[in-house]
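Chain by chain, the residues:
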Amino acid sequence: MLVTAAAVTYFVVVKPSQQSTDQKVEAEAKARRDAAEAAKAEAQAKRDAETKAQRDAELRAQRDAEAQAKREAQGQRAAELKAKREAEAQAKRDAEARANREAEARAQREAKVQTQRDAESKAKLAAETSLWESVKSSRKPADVQKYLNRYPNGQYAEPARQRTLELESARLEEVAKKQKEGEKKKSTIIVPPTF
């Protein structure tokens, strides 16, 4: 007879003629007990194997879940980093666009102010030129002085000063000429020499 109990094999060798009925019953009972114990040990081994397999499966599932969570966290961090970079890039583009708009507005304001200054400058120059044209051929020093009083550093200031000097020289020559004519009109008295 062959009995297997938890990977242990028992061989019971009995001669049929020597066995008595009690021994047969006892041997059968023992064989049943041994078979029950073997079945029980096998069932326990099977339960242990199933428990170990279940624990291994749970451990694998836990590791897989942790790995998945880690991948998801990395993916989320990558997405957050990407979103942050995109937001920074958008903010930079917005700032550049705002700076460009402000620069354009400033350039337009400066151009407008410069145009206004140029127009005012042209108007002043036209007024100065007009006044100079009206007094440059005048024979009165007061007219030329009027230009110099209004535009002491004007475009025509130096010619105006020259004209003033010319008019003053002409006036002095006129005065000297009148004096000579006045002296000529006076009678000449001849005083005889006394010896």
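Refer to the structure presented above.
Residues numbered from 1 in each chain as written. Predicted model: local features only at pLDDT ≥ 70, side-chain atom pairs only at ≥ 80, totals over all residues. Heavy atoms only, no water.

Caption draft 1: Layout of the overall build of the protein chain. Along its length, the protein chain carries three helices and two strands. Listing every helix and strand of the protein chain by position from the N terminus yields β-β-α-α-α. For the protein chain, the residues scored as buried account for 10% of the 195 residues in total. Of the contacts formed within the protein chain by residues at least 6 apart in sequence, a portion of 44% connects residues at least 24 apart. Roughly 16700 Å² of accessible area belongs to the protein chain as shown, and the carbon and sulfur atoms make up 54% of that amount. (Helix = DSSP H or I, 4+ residues; strand = E, 2+ residues; numbered from the N terminus. Buried < 20%, exposed > 50% of the residue type's maximum accessible area, 1.4 Å probe, protein only. Contact = heavy atoms within 4.5 Å. Areas by Shrake-Rupley, 256 points an atom, 1.4 Å probe, with all protein chains shown as cover.)

Caption draft 2: Representation of helix 1 (residues 21-135). For helix 1, with 115 residues, the first-to-last C-alpha span of 166 Å sits near the 171 Å given by 1.5 Å per residue. Of all the residues in helix 1, the buried ones are Ala-31, Asp-34, Ala-38, Glu-128, Leu-131, Trp-132 and Val-135. (Expected span 1.5 Å × (residues − 1).)

Caption draft 3: Region of interest: helix 2 (residues 141-150). Listed in full, the buried residues belonging to helix 2 are Val-144, Tyr-147 and Leu-148. Buried residues in helix 2, looked at end-on, bunch into an arc of 95°, giving them a common side. Away from its buried face, by an angle of more than 90 degrees, helix 2 presents the exposed residues Ala-142, Asn-149 and Arg-150. (Arc of directions from axis to C-beta.)

Caption draft 4: Fine view of the nonpolar core. Grouped together as the largest cluster of nonpolar side chains are eleven residues: Leu-131, Trp-132, Val-135, Val-144, Tyr-147, Leu-148, Tyr-151, Tyr-156, Ala-157, Ala-160 and Leu-167. Looking at this core, the elements with two or more residues in it are helix 1, helix 2 and helix 3 (157-185). When near neighbours in sequence (up to four residues on either side) are disregarded, Leu-131 contacts Lys-146, Tyr-147, Arg-150 and Tyr-151. (Core = buried A, V, L, I, M, F, W, Y, C linked by side-chain atoms within 4.5 Å.)

Caption draft 5: Just the packing of aromatic side chains, in detail. Under the definition given, this model contains three aromatic pairs. Here Trp-132 and Tyr-147 contribute two aromatic rings whose centre-to-centre distance is 5.4 Å and whose plane-to-plane angle is 55°, an arrangement assigned as tilted. Of this pair, Trp-132 sits in helix 1 while Tyr-147 is found in helix 2, placing the two residues 15 residues apart along the sequence. For Trp-132, a relative accessible area of 7% puts it in the buried group. (Phe/Tyr/Trp six-rings, centres within 6.5 Å; stacked < 30°, edge-to-face > 60°.)

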